[in-house]
Amino acid sequence: MTEMAVRRLFPIMKTLYGEMFTFADVYLHDDITYSNDYIGPHTDNTYFCDAAGLQALHCVVHDGTGGENFFIDGFHVAEVLRRRNPKAFDILSSVHVPAYFFDKNERHRYSAPTIRVDPVTKEIIQFRLNLYDRSVFNTIPQNEMHDFYASMREFLAIIHDPENWWQLKLNPGTVVIFDNWRLFHGRCAYTGKRAMTGCFVQRTDFLSKARLEGIIE
């Protein structure tokens, strides 16, 4: 039913997880998602050349407590950073951060800035932030690392400010679709049996649909 709902809107993006994926309490990939632990704010697919534009999540089963999902508007927190510390914003929008995913069947690696900015308009286009997928940092000299980490710490402090969080409990039967280029998302730890199913949608397919519906030009 999740697949039927999403396909009424967009084509589904096929990844190493397949088209539709389900994660519960059994590790199918080397990924923290397949656990009941807290997962901090992040975007998905930082190790892909073209990260998914949208992500759909559908809670199928949960008989315990916790597991609330939370979302942070990247546009808002990045503008807060740009006002407070323009230098930090410039560092995070220029330094390429390496990310990777390795398991026995897959080898993915990509580097890009945490904040992607349009070179002409200076508007923010995309965020790539996932501390769980970080690779060996080999894109800047050692003497520039201090400024990078100082900038990242300041950005993460803004992201973790509770005033910037919107929290949602996905009870069984609830579906959420969100912008993976704009929103940071995460999950509280939980108890009991919990299963989520979902999928990704490519950014280009999302924008095509939005143009057809007259939402954007």
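So, a few notes on the structure that sits alongside this text. Quick caveat, the model's predicted, so the values are computed rather than measured.

**Remarks on the overall build of the protein**
Turning to step 1, where the next piece is worked out: In terms of regular secondary structure, the protein is built from five helices and twelve strands.
Turning to step 2, where the next piece is worked out: Its C-alpha atoms give the protein a radius of gyration of 18 Å, within 12% of the compact-globule value 17 Å for 217 residues.
Turning to step 3, where the next piece is worked out: Overall size of the protein, expressed as C-alpha extent along the three principal axes, is 50 × 40 × 40 Å.
Turning to step 4, where the next piece is worked out: Restricting the contact set of the protein to residue pairs at least 6 apart, pairs at least 24 apart contribute 77%.
Turning to step 5, where the next piece is worked out: Carbon and sulfur atoms make up 53% of the accessible area of the protein, which totals about 11400 Å².

**Focus on empty space enclosed by the protein**
Turning to step 1, where the next piece is worked out: Counted under the stated rule, the structure contains one cavity of 30 Å³ or more.
Turning to step 2, where the next piece is worked out: The volume enclosed by the largest cavity comes to roughly 100 Å³.
Turning to step 3, where the next piece is worked out: Along the wall of the largest cavity there are 13 residues; nearest its centre are T46, V97, R128, N130 and R134.
Turning to step 4, where the next piece is worked out: Of all the secondary structure elements, the ones that give two or more residues to the lining of the largest cavity are strand 5 (96-102) and strand 6 (107-113).
Turning to step 5, where the next piece is worked out: Among the elements that make up the lining of the largest cavity, the one with the highest residue count is strand 5 (three residues).

**A short note on the state of the cysteines**
Turning to step 1, where the next piece is worked out: For the structure on display, the rule yields zero disulfides.
Turning to step 2, where the next piece is worked out: With no disulfide of its own, C59 lies 14 Å from the sulfur of C188, the closest cysteine sulfur.

**Here we look at the sheet that holds strand 11 (residues 183-187)**
Turning to step 1, where the next piece is worked out: Strands sit in the order 2-11-4-9 across an open sheet of four strands; the sheet is antiparallel. Where the open sheet ends on each side, the last strands, each with one partner, are strand 2 (39-42) and strand 9 (165-168). Neighbour-to-neighbour, the strand axes of the sheet open up by a mean angle of 20 degrees, direction not taken into account.
Turning to step 2, where the next piece is worked out: Sheet analysis places strand 4 (residues 69-73) next to strand 11, joined by five bridges and oriented antiparallel. Within strand 11, the residue paired with D73 across the bridge is L183.
Turning to step 3, where the next piece is worked out: Those strands touched by helix 2 (residues 74-84) are strand 4 and strand 11, and its axis lies near 50 degrees from that of strand 4.

**A closer look at the pairing of strand 8 (residues 124-127)**
Turning to step 1, where the next piece is worked out: Two strands pair when backbone bridges link them, and strand 7 (residues 115-117) and strand 8 are joined in this way by three bridges, in the antiparallel orientation. For V117, the partnering residue across the bridge sits in strand 8 and is I124.
Turning to step 2, where the next piece is worked out: Connecting strand 7 to the antiparallel partner strand 8 that follows it, the hairpin turn spans six residues, and K122 within it adopts a positive phi of roughly 70 degrees.

Definitions and cut-offs
- Residues numbered from 1 in each chain as written.
- Predicted model: local features only at pLDDT ≥ 70, side-chain atom pairs only at ≥ 80, totals over all residues.
- Heavy atoms only, no water.
- Helix = DSSP H or I, 4+ residues; strand = E, 2+ residues; numbered from the N terminus.
- Rg over C-alpha atoms; globule rule 2.2 N^0.38 Å.
- Contact = heavy atoms within 4.5 Å.
- Areas by Shrake-Rupley, 256 points an atom, 1.4 Å probe, with all protein chains shown as cover.
- 1 Å grid on protein atoms, 1.4 Å probe; cavity = no way out; pocket = protein on both sides within 12 Å on 5 of 7 lines; lining within 4 Å.
- Points joined across faces, edges and corners; volume = space filled by probe spheres on them.
- Disulfide = S-S within 2.5 Å.
- Pairing = 2+ DSSP bridges.
- Axes fitted to C-alpha atoms, helices over the stretch in contact; angles between N-to-C directions.

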